[in-house]
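Here are the chains, one letter per residue:
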Amino acid sequence: MSTAVEIADARANKFGHQLYAGRARAIVERSLLALRSSTWVPIATGFVEPVLYLLAFGYGMGELIGNVDFGGKTIDYTVFIAPGLLATSAMNGAIYDSTWNVFFKLNESKLYQGMLATPLGPLDVALGEITWALLRGLSYAMAFMAITAPLGLVPGVAAILAIPAAVFIAFGFASFGMAITSYFKTYQQMGMINIVLLPMFLFSGSLYPISVYPDWLEFLIKLMPSWHGIELVRDIWFSAFDNGTLIHVSYFCVMIVTGLYFTTRRLRNLFMR
Amino acid sequence: MSESLISARGLTKKYGDFTAVNAIDFDVAKGESFGLLGPNGAGKSTTMRIIAATSQRTAGTISILGRDPEEHGPQIRAHLGVVPQQDNLDGELTVTENLFIYGRYFGLSKKFIRAKIEELLEFAQLEEKRNVKVDALSGGMKRRLTIARALVSEPDILMLDEPTTGLDPQARHILWDRLFRLKETGVTLVLTTHFMDEAEQLCDRLVVMDNGKIMAEGSPLELIKVYSTKEVLEVRFGSERNKEVAPILRGMCDRIEELPDRILMYVEDGEALLEEIIAKKLHPTTSLVRRSSLEDVFLRLTGRSLIE
Amino acid sequence: MNSGINVAKVRSIGAAYVAEARISQMMKWKGIIAIVAIGNPLFYLIAIGIGVGVLVNQNSGTSGTGGVEYITFIAPALLAAAALTGAMDEVMFPVLEGFKWRKLFFAMNSTPLTGTQIATGVFMAAMLRVAFTVFCYWALLVAFGVFSISQSWDVVPITMFAAGAFAAVILGITAKVTKEDFFMTILGRLVIMPMFLFSGTFFPLESMPTFLQPIGWVSPLWHATELGRHFSYGYSISGLMILFHFAYLSLLLIAGLLLANRAFTARLAK
């Protein structure tokens, strides 16, 4: 059995040992303990959101809308929005976990301060928190798939790949969201996040094809991560791959890397300077 | 001095134009209980954070267990137990879960931590609260839990930033008792405080800081000897008469301090001086002879004006 | 002793002092309140009104929405939803802050202010915010040509009334809350979200499966939306139904305020 000192000394000469102690799993373990003691209600109820949207828009709006043209084919409106809702809930979940949740632990409960007083580094904290958000997103995506499949909304077995895709885009949002939050100090600044998110999600094409808009607005929408996320999941859902799919994937790779870079840097500056 | 665990030379920390810690030197020996005293803003907490390897110095050198915190932050932190000024316990977890997960942050095995938790719960007198969420604990219990948490990794150095601020007398005494026992087991204590009684109780040696500088250094007794007298006589003549009497008293002892409500006279024998005063028919309305304390040293060195 | 404190005056208009304190708190958020007041309707109208509207129009024209354009159909509902959620925010957060986070209400209560006055003051300030939100929303709808001023002006006070009824209930319930995380999650996910989606907001309630329709019947948003549609573009409902909607909302308002009054007084006396 090793002591704390032996464990830390073993890493003393590893690259980046000041930033990463190789123990992001300890942060995930913490979230599991918290799940048991405190956070199970918000987590358990989180999966209802996309289901409610599916019921409301699928069945209520479906009556008004009927069928939609998608990729040259005519599909039922409910089938059209299902992957969009999956993507949206994955992104929303990741955003909540990485913004308000992180803001609270950073500024109110000072939880990260306590973690970083141990041999853990900022990258352990960032990766651990993000991993937890992704595990949560993964379980929601699986639950959503389990509900939509029996309803006949899933076109084929290959659509199961939409689950890892949802986790992948959640990764992008979680790491980017955490980076932004770590720079924010006031509740007012946090309020701005919600304001930015509203149009981003309303316009991102989860509920209707964005081709209804004039070119300039369509162009702006195509710059936003939410659009790429929804399109990526939708491409996979319908197995409709093209060059766009590759662009969506690259978009999220960039988001993940920049998000992690800035989060780690900022946490180091906040707690190690 | 025996083997020095912490050694700082010319240690300086600047935040922009503001110098929080200004070229200080100090050493802490193994097994010693070392105190940083000073008013708010003196630079105590900044110094603590540099020792804890969570803040980087601007200039000077510091070595902790022979290592530089800028190179070996995680390795140094593995030797330390940190008790911050404000408790940052995990509010979503219970008492035992707090201890458990903190051990996991150090990478300790579950088996080791589980055994350790029992020991720590007993030490912190929290056995009956083991499954309670920390939000439901009193201030004193939270403080004891924070200290227990800092001990989960069996640290060589325990860092305490104002350990008893905000606690009632009972809770303070329990805490002092626990810290004293720790010291007996060979743990080195580094603490900040602005309570003089606490410093006298806990510290073998201390430095008084003001404006980022070290003003004095020594054991509590040495400091009293150097910066104060054996006794202090406090006399009151009413705020009107204090002024006219003061010049007469001034000639009667080495050092005298006029405050708005009373006059302090620093002497070796307070009773004798009081008799002298009464013999001069200067009848004070109240009088008090007491031993000089660290508080007198502190006020002499850092001044009486409010620092905010 | 004359300290210049007129206890009789505090007793009579104390609620206004509380409202004043709340409003000065809100002013810290004025930038965000203004952006939300303008941005929320703008985004919803363009995204849902136009985006989804195109799809609806292609498919079923105006037959599914009672003969009006889709944007006209959802405008009163979105207006009501914004008013109700805005009102909720302005009572829920101050009450949690007042009783739990910063315990401001206990400080207020140590002056001559009573629990009833504190509750009333919070409610009054929330209604002022609602008035601002509703007016901005309505003005934007008029500017877009969705509503006409002469036909739709009465929607403003009616929507405010509905928002007030909802806010009163939330005020009363929040005053009893001790586990706020739990409460906010349940309220947001299991009350507000279904209410928003299943109150005939985006499509007529009747096009929902029957088992989901009762959500609309008990939802203040549905009653507000039905009234809003009637008074803004002449959606036809019977006089009896109008009376029923008003009666339901009035009941919520009175019950909510009574509950709030009791809950505030009891909790402050604890």
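Residues numbered from 1 in each chain as written. Chains lettered and ligands numbered in written order. Predicted model: local features only at pLDDT ≥ 70, side-chain atom pairs only at ≥ 80, totals over all residues.

Visitor: Can you help me understand the overall build of chain B in this one?
Guide: Helices and strands together make up the secondary structure of chain B, namely eleven helices and 13 strands. For chain B, the C-alpha atoms occupy an extent of roughly 75 × 45 × 35 Å along the three principal directions. (Helix = DSSP H or I, 4+ residues; strand = E, 2+ residues; numbered from the N terminus.)

Visitor: What should I look at first to understand the overall build of chain A in this one?
Guide: The number of helices and strands found in chain A is twelve helices and two strands. Helices (α) and strands (β) of chain A occur, in sequence order from the N terminus, as α-α-α-β-β-α-α-α-α-α-α-α-α-α. The C-alpha atoms of chain A give a radius of gyration of 20 Å, which matches the 19 Å a tight globule of 273 residues would have. Counting only C-alpha atoms and orienting by the principal axes, one finds that chain A spans roughly 65 × 40 × 35 Å. (Rg over C-alpha atoms; globule rule 2.2 N^0.38 Å.)

Visitor: Quick question: what am I supposed to make of the domain arrangement of chain B here?
Guide: Where the parts come together, the accessible area they lose is often given as the size of the interface. The domains assigned to chain B are domain 1 (4-218) and domain 2 (229-291). With centres defined by C-alpha atoms, the gap from domain 1 of chain B to domain 2 of chain B works out at 41 Å. (Domains from an automatic or database assignment.)

Visitor: In this structure, what is going on with the sheet that holds strand β3 (residues 33-37) of chain B? I would like to understand it.
Guide: The pairing of strands in a sheet comes from backbone hydrogen bonds and takes either a parallel or an antiparallel form. All names here are of chain B. The sheet built from six strands is open, its strands ordered β5-β6-β7-β3-β8-β9 with mixed pairing. Whereas interior strands pair on both sides, the edge strands pair on one side only; in this sheet they are β5 (80-83) and β9 (213-218). Neighbour-to-neighbour, the strand axes of the sheet open up by a mean angle of 15°, direction not taken into account. Bridging between β3 and strand β8 (residues 205-210) involves four bridges; their strand directions are parallel. Counted as the bridge partner of Phe34 is Arg205 from β8. The strands touched by helix α5 (residues 139-150) are β5 and β6 (157-161); relative to β5, the strand with the most contacts, the crossing angle is about 165°. Contacting β3, β8 and β9, helix α11 (residues 294-302) crosses the sheet at an angle of about 30° to β8. (Pairing = 2+ DSSP bridges. Axes fitted to C-alpha atoms, helices over the stretch in contact; angles between N-to-C directions. Contact = placed C-beta atoms within 7 Å.)

Visitor: Would you take a moment to explain the interface of chain A and chain C for this structure?
Guide: Chain A puts 28 residues into the contact, and the matching count from chain C is 34 residues. Only α2 (24-45), α3 (48-65) and α9 (187-202) of chain A provide two or more residues apiece to the side of chain A that touches chain C. Of all the elements, α3 of chain A adds the most residues to the side of chain A that touches chain C, at twelve residues. Here the side of chain A that touches chain C is composed, by residue class, of 21 nonpolar, five polar and two charged. (Nonpolar A, V, L, I, M, F, W, Y, C, P; charged D, E, K, R; others polar.)

Visitor: I tried to follow the sheet that holds strand β10 (residues 231-236) of chain B on my own but got confused; where do I start?
Guide: Residues and elements named next belong to chain B. Read from one edge of the open sheet, four strands run β11-β12-β10-β13, paired in antiparallel fashion. Every interior strand has two partners, whereas the edge strands, β11 (255-258) and β13 (286-291), have only one. Averaged over all pairs of adjacent strands, the angle between strand axes in this sheet comes to 15°, irrespective of strand direction. Note: β11 against strand β12 (residues 263-267), four bridges, orientation antiparallel. Following the sheet pairing, Arg255 is matched in β12 by Tyr266.

Visitor: Quick question: what am I supposed to make of the pairing of β12 of chain B here?
Guide: On any regular strand, side chains alternate: one points to one face of the sheet, the next to the other face. All names here are of chain B. With four of its five residues buried, β12 lies for the most part within the structure. Of the strand pairs in this sheet, β10 and β12 are connected by five bridges, and their pairing is antiparallel. Within β12, the position partnered with Glu231 by the bridge is Val267. Between the antiparallel neighbours β11 and β12 lie four residues. (Buried ≥ 20, exposed ≤ 12 C-beta atoms within 10 Å, placed from the backbone.)

Visitor: Teacher, can you tell me more about the environment of Phe70 of chain A here?
Guide: Residues and elements named next belong to chain A. Mapped onto the elements, Phe70 comes out in strand β1 (residues 67-70). Classification of Phe70 by C-beta neighbours within 10 Å gives partly exposed; the count is 15. Along the backbone, Phe70 and Pro209 are 139 residues apart, and their C-alpha atoms lie at a distance of 8.0 Å. Ignoring sequence-local partners within four residues, the contact set of Phe70 consists of Ile75, Phe80 and Pro209.

Visitor: Got a minute to help me understand the interface of chain B and chain A in this structure?
Guide: Taken residue by residue, the interface counts 32 residues in chain B and 36 residues in chain A. Secondary-structure elements contributing two or more residues to the side of chain B that touches chain A are α2 (69-77) and α3 (95-105) of chain B. Among the elements that line the side of chain B that touches chain A, the one with the most residues is α2 of chain B, at five residues. In the side of chain B that touches chain A, the residues fall into eleven nonpolar, 14 polar and seven charged.

Visitor: Which parts of the structure should I look at to understand the confidence of the model for chain B?
Guide: Close inspection of predicted coordinates is inappropriate in any region flagged by low pLDDT. Residue and element names in this part refer to chain B. Taken over all residues, the pLDDT of chain B has a mean of 89, while the share at 70 or more is 98%. The spread of mean pLDDT over the elements of chain B runs between helix α9 (residues 242-250), the lowest at 81, and α3, the highest at 96. With pTM at 0.84, the complex prediction returns an ipTM value of 0.86. (pLDDT = per-residue confidence, 0-100.)

Visitor: It is not clear to me how helix α2 (residues 30-60) of chain C should be interpreted in this structure. Could you clarify?
Guide: For an α-helix the count is 3.6 residues per turn, leaving residues at separations of three or four pointing the same way. Residue and element names in this part refer to chain C. If you check α2, its first and last C-alpha atoms are 42 Å apart, about what 31 residues at 1.5 Å a residue would give, namely 45 Å. Of all the bends in α2, the greatest, near 35°, is centred on Gly53. Just downstream of α2, Gly61 is the residue with a positive phi angle, here 60°. (Expected span 1.5 Å × (residues − 1). Bend = angle between axes of the 7 residues up to and from the residue.)

Visitor: Looking at this structure, how should I read the environment of Trp222 of chain C?
Guide: Residues and elements named next belong to chain C. Mapped onto the secondary structure, Trp222 falls in helix α10 (residues 220-233). Trp222 sits 142 residues away from Ala80 along the chain, and the two C-alpha atoms are 9.0 Å apart. Excluding residues within four positions of it along the chain, Trp222 makes contact with Ser199, Gly200, Leu205, Gly216 and Trp217.

Visitor: Got a minute to help me understand helix α10 (residues 270-279) of chain B in this structure?
Guide: All names here are of chain B. Buried within α10 are the following residues: Gly270, Leu273 and Ile277. Angularly, the buried residues of α10 cover 65° about the axis, an arc narrow enough to put them on a single face. Exposed positions of α10 whose direction lies more than 90 degrees from the buried face are Glu271, Glu275, Ile278 and Ala279. In this structure, the buried side of α10 is in contact with β10, β12 and β13. Following α10 by one or two positions, Lys281 has its phi on the positive side, about 60°. (Arc of directions from axis to C-beta.)

Visitor: Which parts of the structure should I look at to understand the packing of α3 of chain A against helix α4 (residues 77-98) of chain A?
Guide: Each pair of packed helices can be described by the angle between their axes along with the distance between the axes. Residues and elements named next belong to chain A. Close contact between α3 and α4 brings their axes to 9 Å; oriented N to C, the two are set at 155°. For the element pair α3 / α4, the angle class is roughly antiparallel. The two elements α3 and α4 cross, and the hand of that crossing is right-handed. Between α3, through Glu49, Pro50, Tyr53, Leu54, Phe57, Gly58, Met61, Gly62 and Ile65, and α4, the contact on the second element is made entirely by Tyr77, Thr78, Ile81, Ala82, Leu85, Leu86 and Ser89. Grouping the constituent residues of the contact of α3 with α4 by class yields eleven nonpolar, four polar and one charged. (Parallel < 35°, antiparallel > 145°, perpendicular 65-115°, else oblique. Left-handed = near helix turned anticlockwise from the far one by under 90°.)

Visitor: I tried to follow the nonpolar core on my own but got confused; where do I start?
Guide: Here is a general trend for soluble globular proteins: nonpolar side chains tend to be buried in one another's company. Core analysis: the largest hydrophobic core is formed by 236 residues, its most contacted members being Ala166 and Ala170 of chain A. Ranked by residue count, the leading element in this core is helix α3 (residues 70-101) of chain C, at 19 residues. Excluding its chain neighbours within four sequence positions, the residues that come into contact with Ala166 of chain A are Leu86, Ala87, Ala90, Gly137, Ala141 and Val233 of chain A. By size, the runner-up hydrophobic cluster in this structure holds eleven residues, among which are Val235, Phe237, Ile263 and Met265 of chain B. (Core = buried A, V, L, I, M, F, W, Y, C linked by C-beta atoms within 7 Å.)

Visitor: Whenever I open this one, unusual backbone geometry confuses me. Can you help?
Guide: A negative phi holds for most residues other than glycine; trans holds for most peptide bonds. Residue and element names in this part refer to chain B. Non-glycine residue Ala23 carries a positive phi angle of around 50°. Relative to the elements of secondary structure, Ala23 occurs in strand β2 (residues 18-29). Accessibility expressed as a C-beta count within 10 Å gives 15 for Ala23, which makes it partly exposed. At Glu154, a residue that is not glycine, the phi angle is positive and equals roughly 50°. By the C-beta count within 10 Å, which is 17 here, Glu154 ends up partly exposed.

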